[in-house]
Amino acid sequence: MIMDMDMNTGYRPRLPSGCAIFTELPDLFYLLEIVFGGLVWTLVASTFIEPHNPQAWVMTVSVFCFCMTLIWMFVFGCGSHHSSRGWAAADVFYHFVATVLYLSAAVPLAKVTIEMGDISPRNATQDKYYKMDISASVFAYIATLLYFLHAIFSAIRWKTF
């Protein structure tokens, strides 16, 4: 029989719900992930990158992670997880997958942006796109870092269950 409580202390680990998701460490990252993911999404959608493939992949990853993180935050906020071990494990898995996806999008975006910087001379529109792509690349790496930290702290929390 698996016990839900620690036999020595009577402590049962719980996943936060409601406004408590904004007070505990792994879940504090939700809002930052949404903000930086939204910035990547907006900046890439506002620019023109040749070739289109990295731009399409970055858009796919950023929109997917933005929507899934928003849904994930609502699930945790509403308490639909019922503090189960399965949800704690799923939280680790999702944030690890999001980290890998964002890294796979940030690297080609940075490569294309660096190549775009080698174009000389650039007109005003190309220069504006270049600066927006630099910002999108930086924000994509920040989002990757946030998802990675969330995955690490979620794994630590999962191990307490």
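Residues numbered from 1 in each chain as written. Predicted model: local features only at pLDDT ≥ 70, side-chain atom pairs only at ≥ 80, totals over all residues. Heavy atoms only, no water.

1. Digging into the state of the cysteines
Working definition of a disulfide: a covalent bond connecting the sulfur atoms of two cysteines. Enumeration over the complete set of coordinates arrives at zero disulfides. Not part of a disulfide, Cys67 finds its nearest cysteine sulfur in Cys65, a span of 9.6 Å. Overall, the relative accessible area of 34% leaves Cys67 in the partly exposed class. (Disulfide = S-S within 2.5 Å. Buried < 20%, exposed > 50% of the residue type's maximum accessible area, 1.4 Å probe, protein only.)

2. Quick word on the pattern of salt bridges
Scanning the entire structure with this criterion turns up three salt bridges. A salt bridge links Asp91 to Arg157, with the shortest nitrogen-to-oxygen separation between them at 2.8 Å. With Asp91 in helix 3 (residues 85-117) and Arg157 in helix 4 (residues 124-159), this pair connects stretches of sequence that are 66 residues apart. Residue class for Arg157 comes out buried when judged on its relative accessible area of 9%. Residue Lys111 pairs with Glu115 through a salt bridge whose shortest N-O separation is 2.4 Å. In this pair, Lys111 and Glu115 both sit in helix 3, four residues apart, roughly one turn of the helix. For Glu115, a relative accessible area of 39% translates into the label partly exposed. (Salt bridge = Lys/Arg side-chain N within 4 Å of Asp/Glu carboxyl O. Helix = DSSP H or I, 4+ residues; strand = E, 2+ residues; numbered from the N terminus.)

3. What to know about the packing of helix 1 (residues 25-45) against helix 4
Here helix 1 crosses helix 4 at 160°, and the two axes come no closer than 8 Å. Taken together, helix 1 and helix 4 sit at an angle that is classed as roughly antiparallel. Helix-helix and strand crossings are classified by hand; for helix 1 and helix 4 the assignment is left-handed. By residue class, the composition of the contact of helix 1 with helix 4 is 20 nonpolar, three polar and three charged. (Axes fitted to C-alpha atoms, helices over the stretch in contact; angles between N-to-C directions. Parallel < 35°, antiparallel > 145°, perpendicular 65-115°, else oblique. Left-handed = near helix turned anticlockwise from the far one by under 90°. Nonpolar A, V, L, I, M, F, W, Y, C, P; charged D, E, K, R; others polar.)

4. Some details on the side chain of Ser137
Along the chain, Ser137 falls in helix 4. We classify Ser137 as buried; its relative accessible area is 7%. Excluding anything up to four places from it in sequence, Ser137 contacts Leu109, Ala110 and Thr113. (Contact = heavy atoms within 4.5 Å.)

5. Let's talk about a nonpolar patch on the surface
There is a patch of nonpolar side chains on the surface, built from Phe22, Leu25, Leu28 and Leu31 and spanning about 320 Å² of accessible area. Tracing the backbone through its elements, the reader meets Leu31 in helix 1. Exposure remark for Leu31: the relative accessible area of 42% places this residue in the partly exposed category. (Patch = residues over 30% accessible without salt bridge, like charges linked within 9 Å, V, L, I, M, F, W, Y side chains within 5 Å. Areas by Shrake-Rupley, 256 points an atom, 1.4 Å probe, with all protein chains shown as cover.)

6. Points about the packing of helix 3 against helix 4
Put simply, helix 3 and helix 4 touch, their axes get as near as 8 Å, and they point 160° apart. Here helix 3 is positioned roughly antiparallel relative to helix 4, judged by the angle of their axes. The chirality of how helix 3 crosses helix 4 is left-handed. Its residues assigned to classes, the contact of helix 3 with helix 4 shows 25 nonpolar, eight polar and four charged.

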